[in-house]
Amino acid sequence: MRAKTVDRIATAVIVCVAGFIILLLAALLGYLLVRGLGHISFDFLTSAPQALKAGGGIGPQLFNSVFLLVLTMIITVPLGIGAGIYMSEYAKDNKLTAFIRLIVEVLSSFPSIVIGLFGLLVIVNTFGFGYSLLSGALALTIFNLPMMVRLTEQSLRSVPKEQKEAGLALGLSRWKTITSVMIPVALPSIVTGSILAAGRVFGEAAALLFTAGMSSPRLDFSNWNPLSPTSPLNPMRPAETLAVHIWKINSEGLAPDAPEIAAGASAVLVIMVLLFNLGARWLGRVVYRKLTASK
Amino acid sequence: MSAQSLTTKDLSVFYGEKQAVKKVSMDFPEREVVALIGPSGCGKSTFLRSLNRMNDLISGARIEGEIWIGDQNICDPGTDVVSLRQKIGMVWQKPNPFHKSIYENIAFGPRYHGIRNRKQLDEIVETSLRKTALWDEVKDRLNQSGLALSGGQQQRLCIARSLAVQPNILLMDEPASALDPVSTAKIEELIAELKKDYTIVIVTHNMQQAARVSDRTAFFFLGDLVEYDDTQKMFTNPSKKSTDDYISGRFG
């Protein structure tokens, strides 16, 4: 009887906690969407912002966010997966690798504003990359890389040992076993994790304030020459992202409809991150099916 | 695909300081089935896994002694372990098909070893699956995942997979202990069939199974090879008392 009572109380507490979290999330999402959705229109998503007049959009910022994300992932994914494979399959278990692991852990919980400052001092000033998309992408790489490394390492470690042995027992080289036997098993979680990391990158502002900059030069969306300063594809131009834009108009926006723009932009940001998450699950499943011929 | 004999000479395996296998010398004649029996932790699985140098993967594991396959001592530091493993197939306790289609599970190995011709691969897949009596059960769904098969079918798929790269020797680590009696019987039939072409070493906890499938039986205890003889003799008239005790279930 007593055990039953305890069980009932524990269950009630857990249900309450879970309910509270769901309520909190729903309230937050609801608030953002209710305030922001009304302001979102095709024009809002595509037109350039206005400094002093009402009716500005977030077109360039949205493009910058997506472009910066792509740049970051191009740098992060190969580095992160490579390092993850090394840590899980090649590195010996000794003090050095334990130390590297510790550093990776510390880096993954590093305050992003500090990474932003580091980016300013090293990438922007010392390397002379200036306020640019490239500087931003490199700063976000520092922000993102530890997570990618850990993710890949853990995904590979969770592949059953027998899979690896089966590959080796067929006379496959270690590299072939990793790439053709283990990675396909680990890929869904690597893909899912990468896209979740991408969501984090998409919403990041602090690391970008001093690296990608807070201004967006006049962009000519008909100019696709990456070397031209007005081309949206030029990686050496400063680029204000959506998250940075929200911060900026909230703190120093002069347009009369600044609060509405901030609300709309926030809603767009949340929706994008939501789409990333849903996309991650979907893509992870599709990739797994494709590679493994399973239903 | 010719069976090859296997010989160990004073083979010891260490995990760090602990010696798991103690100076074991054994002959595995070609086209015979040798069963390794003994209580858990007696070193029989470790011994088996050292025969294709799979223990190399475990950090701290170390081998001393010699393992001869034909005229090659595979414990020589210069041995190409990767190509060695192609000649020695291995089957595990838990079926571990690749997360790939049935066809790919089989074709993957031969393709890696240089066979690109689709027709030739088709043939290898069919032959391997026929050898493991799986062909009729799966021929219409070769593109389905190997994981969709039942446990017993998965295990036969794994055996077929290892046959596809044309080994001389097959190592089996309790290949039927995770299977139901019907599947177990099928695996045992298969072993009897396969010994015409391969030298087979099988670890088993099942005494009846050892008696049924093997020509010779080796009894391991605490890392030592206690007794190694014809299966018939081992089960009717063992020369060591501890063998008799184990086989008749008085310990272990």
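The rules behind each value
- Residues numbered from 1 in each chain as written.
- Chains lettered and ligands numbered in written order.
- Predicted model: local features only at pLDDT ≥ 70, side-chain atom pairs only at ≥ 80, totals over all residues.
- UniProt positions renumbered as here; feature names shortened; annotations may be inferred.
- Core = buried A, V, L, I, M, F, W, Y, C linked by C-beta atoms within 7 Å.
- Buried ≥ 20, exposed ≤ 12 C-beta atoms within 10 Å, placed from the backbone.
- Helix = DSSP H or I, 4+ residues; strand = E, 2+ residues; numbered from the N terminus.
- Contact = placed C-beta atoms within 7 Å.
- Pairing = 2+ DSSP bridges.
- Axes fitted to C-alpha atoms, helices over the stretch in contact; angles between N-to-C directions.
- Nonpolar A, V, L, I, M, F, W, Y, C, P; charged D, E, K, R; others polar.
- pLDDT = per-residue confidence, 0-100.

Looking at an unreviewed UniProt entry, one finds chain B named Phosphate ABC transporter ATP-binding protein and attributed to Cohnella thailandensis. Entered under Subcellular location (unreviewed entry) in the UniProt record, the comment concerning chain B runs "Cell inner membrane". Database annotation for chain B, UniProt heading Function (unreviewed entry): "Part of the ABC transporter complex PstSACB involved in phosphate import. Responsible for energy coupling to the transport system."

In the annotation of an unreviewed UniProt entry, chain A is listed under the name Phosphate transport system permease protein PstA and assigned to Cohnella thailandensis. Its UniProt record, at the heading Subcellular location (unreviewed entry), says of chain A: "Cell membrane".

Examining the nonpolar core
A139(A), L36(B), L171(B), I200(B), V201(B) and I202(B) are the most contacted members of the largest nonpolar core, which has 136 residues in total. Counting residues per element, this core draws most heavily on helix 6 (residues 133–157) of chain A, which supplies 14 residues. Apart from the residues within four sequence positions on either side, I202(B) is in contact with V33(B), A35(B), M172(B), P175(B), I191(B), V213(B) and S214(B).

Observations concerning the UniProt feature "transmembrane region" (unreviewed entry) in chain A
Residues and elements named next belong to chain A. UniProt tags residues 12–34, 66–87, 99–123, 129–149, 181–202 and 261–280 as "transmembrane region" (unreviewed entry). What you have in residues 12–34 is 100% helix and 0% strand, and the ends, taken at the C-alpha atoms, are 32 Å apart. With 81% helix and 0% strand, residues 129–149 has end C-alpha atoms that lie 26 Å from one another.

Here's the deal with the sheet that holds strand 9 (residues 216–221) of chain B
What holds strands together in a sheet is hydrogen bonding between their backbones, with the strands either parallel or antiparallel. Residue and element names in this part refer to chain B. Spatially, six strands are ordered 6-7-8-3-9-10 in an open sheet, and the strand pairing comes out mixed. Each having just a single partner strand, strand 6 (88–91) and strand 10 (224–230) make up the two edges of the open sheet. Sheet twist, expressed as the average angle between the axes of neighbouring strands with direction ignored, equals 15 degrees. The pairing of strand 9 with strand 10 spans six bridges and is classified as antiparallel. For A218, the partnering residue across the bridge sits in strand 10 and is Y228.

What about the environment of L242(A)?
As for its position among the elements, L242(A) is in helix 10 (residues 242–252). For L242(A), the contacting residues outside a window of four places in its chain are I58(A), Q61(A), L62(A), S65(A), A265(A), V268(A) and L269(A).

Quick word on the interface of chain A and chain B
Taken together, the contact pairs 19 residues of chain A with 27 residues of chain B. For the side of chain A that touches chain B, the secondary-structure elements that each account for two or more residues are helix 7 (161–169) and helix 8 (174–202) of chain A. Here the side of chain A that touches chain B gets six residues from one element, more than from any other, and that element is helix 7 of chain A. Taken together, the residues of the side of chain A that touches chain B sort by class into 10 nonpolar, five polar and four charged.

Considerations on the confidence of the model for chain B
Residue and element names in this part refer to chain B. Confidence along chain B averages 88 in pLDDT terms, with 98% of residues attaining 70 or more. Element-level pLDDT for chain B is lowest in strand 5 (residues 72–73), with a mean of 84, against a maximum mean of 93 in strand 8 (residues 199–203). Predicted as a complex, the structure gets a pTM of 0.81 and an ipTM equal to 0.87.

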